[in-house]
Amino acid sequence: MKTLCWLLIGLAALAFCVGTVTAFTHQMFLLEPAGYWRGAVGFLLFAIAFRTMETK
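Chemist: Whenever I open this one, the environment of alanine 40 confuses me. Can you help?
Modeler: Relative to the elements of secondary structure, alanine 40 occurs in helix 2 (residues 33-53). Accessibility expressed as a relative area gives 5% for alanine 40, which makes it buried. Linking alanine 40 and leucine 11, residues 29 residues apart in sequence, is a C-alpha distance of 7.2 Å. For alanine 40, the residues in contact, after removing those within four places along its chain, are Ala12, Ala15 and Phe16.

As structure tokens, then:
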């Protein structure tokens, strides 16, 4: 489960970086920059949800 959480955090960081680059270069790569930022927030929320559901 921790590996999945780290994978989601890594994907969120990648989505945030791609969104930032596309915003500053005024280009579009498959999505608008806001789409990448929304995806990053979604990945982080899934990671948080998985961590809270984890049994100790």
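More follows now that the structure is in view.
Chemist: Is there a simple way to think about the side chain of threonine 22 in this case?
Modeler: Considering the arrangement of structural elements, one finds threonine 22 in helix 1 (residues 2-25). The exposure class assigned to threonine 22 is buried, which follows from its relative accessible area of 6%. Polar contacts involving the side chain of threonine 22 include one to the main-chain carbonyl oxygen of glycine 19, which spans 3.0 Å. Not counting residues within four places of it along the chain, the set of residues in contact with threonine 22 comprises Gln27, Phe29, Pro33 and Tyr36.

Chemist: I would appreciate a short explanation of the packing of helix 1 against helix 2 in the present structure.
Modeler: Helix packing geometry: the angle between the two helix axes and the distance between the axes. Taken N-terminus to C-terminus, the directions of helix 1 and helix 2 make an angle of 165°; their axes are 8 Å apart at the nearest point. Here helix 1 is positioned roughly antiparallel relative to helix 2, judged by the angle of their axes. Crossing geometry of helix 1 relative to helix 2 is assigned as left-handed. Considering only residue class, the contact of helix 1 with helix 2 consists of 19 nonpolar, three polar and two charged.

Conventions and cut-offs
- Residues numbered from 1 in each chain as written.
- Predicted model: local features only at pLDDT ≥ 70, side-chain atom pairs only at ≥ 80, totals over all residues.
- Heavy atoms only, no water.
- Helix = DSSP H or I, 4+ residues; strand = E, 2+ residues; numbered from the N terminus.
- Buried < 20%, exposed > 50% of the residue type's maximum accessible area, 1.4 Å probe, protein only.
- Contact = heavy atoms within 4.5 Å.
- Polar contact = N/O pair within 3.5 Å; in protein donor to acceptor, adjacent residues only side chain to side chain.
- Axes fitted to C-alpha atoms, helices over the stretch in contact; angles between N-to-C directions.
- Parallel < 35°, antiparallel > 145°, perpendicular 65-115°, else oblique.
- Left-handed = near helix turned anticlockwise from the far one by under 90°.
- Nonpolar A, V, L, I, M, F, W, Y, C, P; charged D, E, K, R; others polar.

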